[in-house]
Amino acid sequence: MQCPVCNNLNAATDVRCFQCNTTLIHETAGHSEGYRKTTQELDARVYSGVGAFFGFCLVAVFLKFILPGVTLDDREIYLAAAVGAGIGGFIGRAFLRARFK
Ligand SMILES: [Zn+2]
């Protein structure tokens, strides 16, 4: 396995780099604190992003096509959908926290 830090070529089963001691196989060595924080932050971004996307689409579709007798112009629908995206992002993060606690 090639080391991502020093590019030293190690054996495929080496847990740590022979040259710079960088962890190569995290599953075996146990995740470092930095690695876990990074993946958690990445997860949070993905979840809040997906939540925001669905929140935006739900509010936009709901206001535009489903709710009868609403006379909002596109700009107002967009603003409402942006609020929906914010709420969706918040729900996405809350969902992630509830799932991994
Ligand atoms: Zn290395």
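Everything that follows concerns the structure shown earlier in this document.
Residues numbered from 1 in each chain as written. Predicted model: local features only at pLDDT ≥ 70, side-chain atom pairs only at ≥ 80, totals over all residues. Heavy atoms only, no water.

Hey, could you run me through a nonpolar patch on the surface in this one?
Judged by side-chain polarity, V46, V50, F53, F54 and L58 come together as a nonpolar surface patch covering roughly 530 Å² of accessible area. Inspection of the secondary structure puts F54 in helix α2 (residues 33-66). (Patch = residues over 30% accessible without salt bridge, like charges linked within 9 Å, V, L, I, M, F, W, Y side chains within 5 Å. Areas by Shrake-Rupley, 256 points an atom, 1.4 Å probe, with all protein chains shown as cover. Salt bridge = Lys/Arg side-chain N within 4 Å of Asp/Glu carboxyl O. Helix = DSSP H or I, 4+ residues; strand = E, 2+ residues; numbered from the N terminus.)

What am I meant to see in unusual backbone geometry here?
Glycine aside, residues mostly have negative phi angles, and peptide bonds mostly take the trans form. If you check the backbone angles, N7 has positive phi at about 65° while not being a glycine. With respect to the helices, strands and loops of the structure, N7 is situated in the segment before α1 (26-29). Located in the positive-phi region is N21, a residue other than glycine, with phi close to 70°. Topologically, N21 is positioned in the segment before α1. Residue classification places N21 among the partly exposed positions, given a relative accessible area of 49%. (Buried < 20%, exposed > 50% of the residue type's maximum accessible area, 1.4 Å probe, protein only.)

Mind showing me how you'd approach the coordination of the zinc ion here?
Around a metal, the idealised angle for a tetrahedral arrangement of four donor atoms is 109.5 degrees; for an octahedral arrangement of six donor atoms it is 90 or 180 degrees. At the metal site, the zinc ion is ligated by C3 (SG), C6 (SG), C17 (SG) and C20 (SG), and these contacts range over 2.2 to 2.3 Å. Seen from the zinc ion, its 4 donor atoms lie at angles of 105 to 113°, and the figure they make is tetrahedral. Read N to C, the donor residues that coordinate the zinc ion are spaced as C-x2-C-x10-C-x2-C. Judged by relative accessible area, which is 28%, C6 ranks as partly exposed. (Donors = N, O, S within 2.8 Å, 3.2 Å for Na, K, Ca; no water. Tetrahedral: all angles 85-135°; square planar, octahedral: opposite > 155°, others 65-115°.)

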